[in-house]
Amino acid sequence: MFLLLSQGWRVFATGLCFIFFGIGALCLAFIFVPLQTLTIKDKSKKEHVAQSIIQKAFLLFCQTMKFCGAIDYQFIGTEKLKSDKGCLIVANHPSLIDYVLIGSQLPQCDCLVKASIWDNFFIKGIVKAAGYIPNINPEQLLDSCSERLGSGNLLLVFPEGTRTKEQGEIALQRGASQIAVRTETDLRVIHISVSPSFLTKEKRWYQVPTVKPMFTVEVKERIVVKQFIEDACSLSLAARALNKHLNKVLFP
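Let me sum up the structure you'll find in this document. In this text the structure is predicted, and so the values were computed from the model without any measurement.

Reading the values: rules and limits
Residue numbers here run from 1 along each chain, matching the order of that chain's written sequence. Residues qualify for local features only when their pLDDT is at least 70, as the model is predicted, and side-chain atom pairs are given and counted only at 80 or more; totals for whole chains, interfaces and linings, by contrast, use all residues. Side-chain numbers here rest on the full set of heavy atoms in the structure, without hydrogens or water. The convention used is that axes are lines fitted to C-alpha atoms, helices contributing only their stretch in contact, and that angles between N-to-C directions extend from 0 to 180 degrees. For the purposes of this entry, the term helix denotes a DSSP run of H or I that reaches at least four residues, the term strand denotes a run of E that reaches at least two, and both are numbered from the N terminus. Should an angle fall under 35 degrees it is called roughly parallel, over 145 degrees roughly antiparallel, and 65 to 115 degrees roughly perpendicular, with every other angle called oblique. The hand of a helix crossing depends on one turn: near helix anticlockwise from the far one by less than a right angle means left-handed, and clockwise means right-handed. Residue contacts follow a heavy-atom distance rule, with two residues in contact if any of their heavy atoms lie within 4.5 Å. Classes in brief: Ala, Val, Leu, Ile, Met, Phe, Trp, Tyr, Cys and Pro nonpolar; Asp, Glu, Lys and Arg charged; the others, Gly included, polar. Between 30 and 60 degrees the pair is tilted, below 30 it is stacked and above 60 it is edge-to-face, where a pair is any two Phe, Tyr or Trp rings, Trp via its six-membered ring, whose centres lie within 6.5 Å. Only when the NZ atom of a Lys or the CZ atom of an Arg is both within 6 Å of the ring centre and within 35 degrees of the ring normal do we say a charge sits over the ring. A pair of strands is treated as paired once DSSP finds two or more bridges between them.

## Observations concerning the packing of helix α5 (residues 138-150) against helix α6 (residues 175-183)
Next up, step 1: Where α5 meets α6, the closest approach of the two axes is 10 Å, and the angle between their N-to-C directions is 60 degrees. Overall, the two elements α5 and α6 adopt an arrangement that is oblique. As for the relative orientation of α5 and α6, their crossing is right-handed in sense. Residues Leu-142, Cys-145, Ser-146 and Leu-149 of α5 form the contact with α6, whose own contacting residues are Ile-179, Arg-182 and Thr-183.
Next up, step 2: Across the contact of α5 with α6, the residue classes break down as four nonpolar, two polar and one charged.

See the structure below:
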């Protein structure tokens, strides 16, 4: 009986939190971010301010989900991120809120976003204000990534391209590896686990498990990309070798 009541409350709390997220996204896009950046003329500075606001909003959202009892979470090794500059952050992608969890710990973080996000009424204003990079044109994408990384920015990429399927073989796209080798940028690995599974690709938000999900976000090693470039005959082979290595470290 207690488990059923607990599960029912978490369905309600999760729905409430996502309503809060949608309203918050609209407020950030049309009120808070424009007001905070009104007097800033430099485009890069505007984006950094927007990203800092997003980080605080993400942290508030995570804390709200935890306070309501919808989820629990822990971060391990986040102090490593303080020394990362001009670095590509790669993470596995088991749930819908992975980016929110990671973003809550990063005052500055660029992100590759799917083209569909730019048509999402609740989110498109935020991604545009933050200067996130749309994953549309491959050539333009590489130039944009190179420019951001060269400026010392952090860039978050989910190499799977979408949330991990609960069943079937895991396949990494080579986009993150290609960006790393062609811009000669090191990678910082983040591994996310959630037990029991929640907010996966196959399940609706209201399909909550019988016990509270626990998210663990662990910041792991930094991969030096130079070694992969030196050991390969071409950048394409270097990217392929790096991708194989990423598959091992992202899914230990």
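Next comes the rest of the description.
## Observations concerning the packing of aromatic side chains
Next up, step 1: If you walk through the whole model with that rule in mind, you get eight aromatic pairs.
Next up, step 2: Here the aromatic residues Phe-18, Phe-21, Phe-58, Phe-61, Tyr-99 and Tyr-132 are joined through ring pairs into a cluster of three or more.
Next up, step 3: When the ring centre of Tyr-73 is taken as origin, the NZ or CZ atom of Lys-66, which lies over that ring, is 4.8 Å away.

## Observations regarding the sheet that holds strand β5 (residues 154-157)
Next up, step 1: Read from one edge of the open sheet, seven strands run β1-β7-β6-β2-β5-β3-β4, paired in mixed fashion. Lying at the two open borders of the sheet, with one neighbouring strand each, are β1 (72-76) and β4 (133-134).
Next up, step 2: The sheet contact formed by strand β3 (residues 110-113) and β4 spans two bridges and is parallel. The residue bridging Leu-112 from the neighbouring strand is Ile-133, located in β4.

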